[in-house]
Structures are given as structure tokens and as C-alpha cells.
Amino acid sequence: MVQDAPLLRLRGLRHSIGGRSIVDIDDWQLDRHRHALLLGPSGSGKTSLINIICGLVTPVAGDVEIAGERMTGQPAAARDDLRRRTIGLVFQTLRLVSALTVRENLLLAQRIGRRLQDPADVDRLIDLAGLSHRAHGRPRELSQGEGQRIAIARALVTRPALLIADEPTSALDDGNAARMMDLLFESAEATGATLLVATHDARIRDRFGQRLQLGALT
Amino acid sequence: MNMFSLTLAYLRDRKLATLLNILLLTLGVATLVLLRIFSSQLESRMDRDAQGIDLVVGAKGSPMQLILSSVFHIDAPTGNVPLETVDLLRQQATVRQAIPLALGDNFRGFRIVGTEPAYVDLYGGSLADGRLFAKPMEAVIGSDVATGTGAGLGQRFSGSHGLGEGGHVHDATPFVVVGRLKPTGTVLDRLILTPVESVWEAHGIAHEHEAHEHDAHDNDAHEHEAHEHDAHDHDAHEHEAHDHEAHSESGNSARDAGAATELKPEVTAVLVQYRSALGAVQLPGFINRQTSLQAAVPAVELARVLSLVGIGLDTMRVLALLQMLTAGLSIFVALYGSLQRRQGDMALLRVIGASRAQVFGQVMLEGLLLAAAGAVLGLLLGHSVIGIAQIFFPELHELGISALHVDPAEMLIVLGALGLGLLAALLPAIQVYRTDLAQTLAEAQ
């Protein structure tokens, strides 16, 4: 990881599905601690771009660099490794492993992502998400909002430099959406992560200084 | 928390399916283990029991019956042969050793065998305490007899007529225990050995005590002889088909003639060891030409017994293997179904940083753990069933089948079960390995 390189750099990035161009970015970068919003309506290619950034999808053309390391053009195992070391992902619905408790989920994620066990850090993050009372509960016992909060804690337990959240507030009411964003910023602050939030939710636009617009103009 | 804990969590998460999978495999493994224990212990016990016996000479009848009764002591004898048969055999140049056996009575189900000290040597038996029998009515007991009856040195007991429990008791001619043998792992352990003359005396047959110095006893024996045969009529007891019928018939004819003393000393069988391979060529034919004798080769009859038993065992083995395959299929179905439901979980693990190899390994581990649980429980169940069966069927013990003996082939059964678990998990694991992560994430969202 190169410390003075931009945390994320996209150059000449092109991607299309079924002949339809869905990603077309000449040059864009995200610096550390400058949280950014990835904006666009449904179907504008936000999820595809996230998959390309995470190395899950190979773009038609262009480069993706994470902290100076190339994600594109690498073998799958190298991409997996770079993702493991640098990126935390928060999905809208896919949050935790169903067979494990909340705390076990975080311990497993920590073990896989950082290859260490630090239960105290896990408990701190659960506490930060305000879910200490749910630590030993199963994922199915959590409410929508609780599920999203613990998904953030799970993504941060690996101490990623880049925390990508895909539509974290779309399914939440105004109050919960605001609290979710508060939690994202607070947790990112606490762990030193930089946020890249993909959304079509207009309620949270004003909280970000940097934006990357995809698809139709807003 | 690691992939192993995660695997256990998944197994716990679908308890019923997990338990059913394990149960199926347990039953398959237990059946195979049972069959293995049964066949291998039976075979090795029979081999040990037949060791050093090249030929058995007895009354005409079924050669297998002769071998079963005289070598393995698990069937009724074919009848008796004249005592002169022993001398006839000993005169043959091809015979190294001829050991007479006189059967007919038991004590609490343990057979009383009239024989010579050479019979103990045949099985490498040695005394735990006391001494070998020297006179009629002295008995040396095998280790299982000592354990089963609790008899110690000096213990007096009376044999019961017949080879199973419940026959007429020869109260007038009690035996005395003069020695106890160490365990040999052979048929010797469950026999009561005594001079051949003891058996004759117990049944009131006149004989000469050639080498024994027991004049007083001799007189007693002759008194007993007259008294004994007056006291009990063998026919009246409805004896089964065993050597005693031979006694009975001769006894009847003797009584018909009005003289019990006309009963001739007989033996039930003679165990023969050849001096050279030439014996195998000459002796059986020579014996079989004698009108009242037959020669049976233990190795031949043993092979017949094992092949007869083997057909049944093979059939059961095929059924057990089918059961194992069913268990493997059940593990496959459970894993396949479970993975369809947790594709999102697998994708999440990959996103967190688990490699393809790790998620592949996790699924394989699930199959392996199910198989390992089934294999271990199957082993325990197999041995437990033998142990419990021994309580209800003492015959198993007589066949030398022990619950505590572990056969090396059982490890092969365990390895087979583990292999089956891995094979059942392989296809689901490959499917997980090849999963298109982006597509799965898109579908799971």
C-alpha cells in the first residue's frame, strides 16, 4: 500500500453490459478522509462500478488503483487479497452470516480479513453501533436498522482504508437514515476509513463534499 | 472464530438434517464394523483352534460335524470310536501325534473333555496355578471356565450329562479342580480337561487304569460303575444326538445282555498331527477305508464353514454398503440444499476476504465432519452391539468374538466413511468454488 497515493483512482474506466455502456469515467480519484458519494438512479451502474472497484468484475477497459496498488489486470487471488486488505463493503440487504451470532460474525470477519482475533475491538465496534444488547443474537432477530448498523461494524472490523456502502439508507425512514449516516461518519472517523457511499437517496447528498455522478444527470 | 467454528455453526443450524445424516452413516458403519468383527474374529479364532491339527478321526457321519464338535467344540459329535483307534493311529509311521478326546458331559455349559496333557501343549497352554491332571476325576479348567464358574483349586463339581446345560448330573462321580490354565485365546479357555478315564468313569464304562496309581479309586470306580448304570438310564433322559447316544446304544445292548460291564472304553475323536506331508496323502484314505471310522481335514472343513458363513456375510456387507451410499447421498442432498440457501453467506465470506480455497474447504469440512461423526459413532455402536449381544448370546463368547478387539480393517471402514463424506461434499464445494461472486451478490441483494 502506497501511503501518499490517492486511496482510489479510476482511469479510463469503461464497462458495458449487453452492449449498453454503464460505466464511463475518464479520471477520478478519492483521497484519504475525503468521503465521497457515488450518485445515480437505479440501473445507472453504481453497483457495477462498486464490483469493478472491488475486483469482482473485470472492466472492458481502464484501471482501478487502491492506495497505489492495481486492482485491474491482476489474477483473481491477487484481487481477493487486495480487497481483503483495503476494502470494507456494506450491502443493502446482505449483512451477516445467518448461522452465527452478531458477535461471532464480527469475530469471523476479523479473522478472515485481518487474520487476527481481537475480541475487545469487536466489542468496541458492536458498542459503537449501539448493539451491545444484541451481541449474542442471531441476524434474523435484528430489525432493518439494527441490521444495517451491524453490517457497518462488520465491514469496519477488518480496519479497511476504504469503506464502500451500497444504498445504506434506501430502505430506512428519515430518522433511521440520518442515524445511519451519523454512524457511518462516526465509525469512519473512529477507524480512519474513507467512505464511498453509492446511493440514489437524495436525503443524504448534502453530507458529502465530493460526488461522482453516474448515469442520468441530476 | 474461524472456518471450523463456522462449519460447526452451519451443522448446528440444521440440526435435524445433521442428526439424520450422522445416524444413517452411523448405522452403515456399525453394520460393516459388526460384520468385520464377526468374520475376522471368527476366522482367526477358528484358525487358532485348528492349529496343529492336521486330521481328525472319529465316527462316520458328517465331516463338518466331526470338526465342529472335536476341534471347535460347538456341535454334537458324530458318535464314538473304539479306544483301539488311538493305538492304530499311533502305529502309523506318518503320525507324529494322536490325541484322544472323550466328550459327553458339561459343567454349567463348559464342556468336559477327556484327553491327555498333550492337548494342552497343542494350544501352547500353561498353568496359571495348580498342576495338570494325573488321575481320573482330576480336572484342569480353562481361564474362561475359571472366570465363569468362579472355581478355584480343590473345588469339587459334578458334570452334567450332555454338552449343554440342564442334563442329568453325575453326582456320584465328582471332579476336583487341580489346576487352572492361563488364557490362550483358543478353545482351551472354555474347556474342562480331565483324563479320558474320567469320562468313562462318569458313565460307568469299564477300563484299565494302565499308568495310574489309584487302586482305591479304581475299586470305587467299579462300584460306581455298577451303581451308576442302575441309577440312570441314558435313554430315559432323552439325550440329544451326541456321543452319548453311542454310549447309550452300547449301554442298552449291555443291559440287554444283563451285564453293564460289557461297555467298551471308547473315545469321541482323535486329533492327529502328521509327521510328514506324506501323512496327508496316505492317512485319510487309510482311515476312511475302516468301516467305522472317518477322517476329516480341519483346513478343508474350516474353508467350507467360512465359505458358507461368507455368503451370508457378503450379502449383509452389500446391504451395509448400500446403506453407506444412501448416507453419502443424504449428505450430498443436505449440503447441496443448504448451499442453495446460503449462497449469500458464501458470497459475503468471499467479499470479506475468504479465498475460493477457503470456502471450498469449508464445504468439504462440513462433509468430512458429518462423516467423521458417523464413523466414530458407528465404531462405538458396532462394538457396543457386540458387547450387548454377548450378554444375551453367550455363544458369541464361545466363538471367541470380543467387543474390545479392534480389527485394523475397521480403520479402512472409517477411512471409507470419511472418503464418502468428502465425495458427497465435493460437488457442492466445486459449485461454491466456481460461483460468480458479482452475480451471486446481485441475486442476493
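To start, this report covers the structure provided alongside it. (Residues numbered from 1 in each chain as written. Chains lettered and ligands numbered in written order. Predicted model: local features only at pLDDT ≥ 70, side-chain atom pairs only at ≥ 80, totals over all residues.)

Examining the interface of chain A and chain B
Inclusion rule: Once C-beta atoms are placed from the backbone, any two residues with those atoms within 7 Å are in contact. Only DSSP runs of H or I reaching four residues or more are called helices, and only runs of E reaching two or more are called strands; each is numbered from the N terminus. Residues are sorted three ways: Asp, Glu, Lys and Arg are charged, Ala, Val, Leu, Ile, Met, Phe, Trp, Tyr, Cys and Pro are nonpolar, and all the rest, Gly among them, are polar.
Contact with chain A, which involves 25 residues of that partner, is made by 22 residues of chain B. Elements with a minimum of two residues in the side of chain A that touches chain B: α1 (46-53), α2 (76-86) and α3 (102-114) of chain A. Within the side of chain A that touches chain B, the residues separate by chemical class into 13 nonpolar, seven polar and five charged.

Digging into helix α10 (residues 278-288) of chain B
Residues and elements named next belong to chain B. This is how the line gets drawn: Buried, partly exposed and exposed are defined by the number of other C-beta atoms within 10 Å of a residue's own C-beta, namely 20 or more, between the two limits, and 12 or fewer respectively, with C-beta atoms placed from the backbone. Directions drawn from the helix axis to the C-beta atoms are what define this arc.
Three or more residues of α10 are buried, namely Gly279, Leu283 and Ile287. Along α10, the residues classed as buried sweep out an arc of 25° about the axis, all on the same side. For α10, exposure combined with an orientation more than 90 degrees from the buried face picks out Val281 and Gly285. At its buried positions, α10 is contacted by β1 (55-59), β3 (95-107), β12 (269-274) and β13 (293-296).

Quick notes on the nonpolar core
The criterion, for reference: Take the buried Ala, Val, Leu, Ile, Met, Phe, Trp, Tyr and Cys residues, join any whose C-beta atoms are within 7 Å, and the set you get is a nonpolar core.
Core analysis: the biggest nonpolar cluster contains 116 residues, and Leu162 and Leu163 of chain A together with Leu25 of chain B have the highest contact counts within it. No other element matches helix α13 (residues 356-392) of chain B, which puts 12 residues into this core. The contact partners of Leu162 of chain A, leaving out residues within four places of it in the chain, are Leu7, Leu8, Ile66, Thr86, Ile87, Ala193, Thr194 and Leu196 of chain A. With 57 residues, the next largest nonpolar core counts Val81, Ala102, Val267 and Ala296 of chain B among its residues.

Topic: the packing of α13 of chain B against helix α15 (residues 408-434) of chain B
When two helices pack together, you describe them by how their axes are tilted relative to each other and by the distance separating the axes. Residue and element names in this part refer to chain B. This is how it is decided: Throughout, an axis means a line fitted to C-alpha atoms (over the contacting stretch in the case of helices), and angles, computed between N-to-C directions, take values from 0 to 180 degrees. Convention used here: angles under 35 degrees read as roughly parallel, angles over 145 as roughly antiparallel, angles from 65 to 115 as roughly perpendicular, and any remaining angle as oblique. With the far helix as reference, a near helix turned anticlockwise by less than a right angle produces a left-handed crossing, and one turned clockwise produces a right-handed crossing.
Contact geometry for α13 and α15: axes closest at 7 Å, N-to-C directions at 150°. Between α13 and α15, the interaxial angle falls into the category roughly antiparallel. In the crossing of α13 with α15, the sense of the turn from one axis to the other is right-handed. When the residues that make up the contact of α13 with α15 are grouped by side-chain class, the tally is 21 nonpolar, four polar and three charged.

Side note on the pairing of strand β6 (residues 87-90) of chain A
Residue and element names in this part refer to chain A. Where we set the bar: We treat two strands as partners when DSSP finds at least two bridges between them.
Both faces of β6 are covered, namely the face carrying Ile87 and Leu89 and the face carrying Gly88 and Val90. Of the strand pairs in this sheet, β6 and strand β7 (residues 162-166) are connected by four bridges, and their pairing is parallel. Among the inter-strand pairings, Leu89 is bridged to a residue of β7, identified as Ile164.

Concerning α3 of chain A
Residues and elements named next belong to chain A. Cut-off, in case you're wondering: Here the expected length of a helix is defined as 1.5 Å per residue gap, with one fewer gap than residues.
For α3, built from 13 residues, the straight-helix expectation of 18 Å at 1.5 Å per residue is met to within 8% by its first-to-last C-alpha distance of 18 Å. Of all 13 residues in α3, 12 are buried; the element is thus mostly enclosed. Buried residues of α3: Val102, Arg103, Glu104, Asn105, Leu106, Leu107, Leu108, Ala109, Gln110, Arg111, Ile112 and Gly113, and no others. Downstream of α3 by one or two residues, Arg115 has phi in the positive range, about 55°.

Describing the sheet that holds strand β2 (residues 20-30) of chain A
All names here are of chain A. Spatial ordering of the open sheet is given by β2-β1-β4-β5, a layout of four strands whose pairing is antiparallel. Sheet topology places β2 and β5 (69-70) at the edges, where each strand pairs with a single neighbour. Looking at chain direction, strand β1 (residues 8-17) and β2 are connected through nine bridges and run antiparallel. Considered in β2, the bridge of Leu10 is made with Trp28.

Things to note about the sheet that holds strand β9 (residues 210-213) of chain A
Two strands in a sheet stick together by hydrogen bonds in their backbones, pointing the same way (parallel) or opposite ways (antiparallel). Residues and elements named next belong to chain A. The five strands are arranged β6-β7-β8-β3-β9 in an open sheet whose pairing can be described as parallel. Either end of the sheet is taken by a strand with one partner, and the two such strands are β6 and β9. Each adjacent strand pair in this sheet contributes to an overall mean axis angle of 20°, direction not counted. Sheet analysis places β7 next to strand β8 (residues 194-199), joined by five bridges and oriented parallel. Of the residues in β8, the one forming a bridge with Asp166 is Ala198. In the packing of helix α5 (residues 144-156) onto the sheet, contacts are made with β6 and β7, and the angle to β6 comes to roughly 165°.

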